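The primary structure of each chain is shown beneath.
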Amino acid sequence: MSNTSQTPSQDLPPKGGFSSIRYERQLPKRGPSGIAMFAILGGVMGYGWYRLYLGLDERRELDREKIWSRIHLTPMLIAEADRDEYRRKCAAVERERAIMKDVPGWEVGKSVYNGTRYVPDVIANVPIHQQPGFKKD
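Because the structure is a prediction, the values reported are computed rather than measured.

Asks: Got a minute to help me understand a nonpolar patch on the surface in this structure?
Replies: Side chains of Phe38, Leu41, Met45, Trp49, Leu52 and Leu56 sit close together on the surface and give an oily, nonpolar patch of about 680 Å² of accessible area. For Met45, the location among the structural elements is in helix H1 (residues 34–99).

Following this line, the structure appears as structure tokens:
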């Protein structure tokens, strides 16, 4: 070993210091801000509620039209049902007259009930091909 009296050199920063280090993330801005997204969402929801309100108005008007059409058509439908019932009753009386012509004392068209209260006939509209005894030719 040599006896040199040299002072040891220490590693020091350069004069003026080191340059600053960028450690924060610098990402590009992506998409609209939160306030902009909230405003867009509010606009879309407002438009949806507006369209819903228009649809409800339309449905309310259609329901009103349906109710009034039923009110105006009911008398005609009742009259048509009454005419159909009368036609069927006349046909039933004619069938009864043809079937019971040989029975003495039989009154055609007389009610089988003993009361004076009106009891409407129950007439089922059964298609001819579903009636018992129907034979397809």
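Next comes the rest of the description.
Asks: So what exactly am I meant to see when it comes to the UniProt feature "transmembrane region" (unreviewed entry) in the chain here?
Replies: Sequence positions flagged by UniProt for "transmembrane region" (unreviewed entry) are, in local numbering, residues 35–54. In residues 35–54, helix accounts for 100% and strand for 0%; the two terminal C-alpha atoms are 29 Å from one another.

Asks: Even after reading the chapter, I still don't get the pattern of salt bridges, so can you show me in this structure?
Replies: Oppositely charged side chains can pair when the atoms bearing their charge come close. Counted according to the given criterion, the structure contains five salt bridges. Here Asp57 ties to Arg60 by a salt bridge, and the two come within 2.7 Å at their closest N and O atoms. Residue Asp57 and its partner Arg60 are located together in helix H1, separated by three residues, close to a single helical turn. Asp57 gets classed as partly exposed once you look at its relative accessible area, which sits at 26%. For Arg60, a relative accessible area of 43% gives the class partly exposed.

Cut-offs and rules
Residues numbered from 1 in each chain as written. Predicted model: local features only at pLDDT ≥ 70, side-chain atom pairs only at ≥ 80, totals over all residues. Heavy atoms only, no water. Patch = residues over 30% accessible without salt bridge, like charges linked within 9 Å, V, L, I, M, F, W, Y side chains within 5 Å. Areas by Shrake-Rupley, 256 points an atom, 1.4 Å probe, with all protein chains shown as cover. Salt bridge = Lys/Arg side-chain N within 4 Å of Asp/Glu carboxyl O. Helix = DSSP H or I, 4+ residues; strand = E, 2+ residues; numbered from the N terminus. UniProt positions renumbered as here; feature names shortened; annotations may be inferred. Buried < 20%, exposed > 50% of the residue type's maximum accessible area, 1.4 Å probe, protein only.

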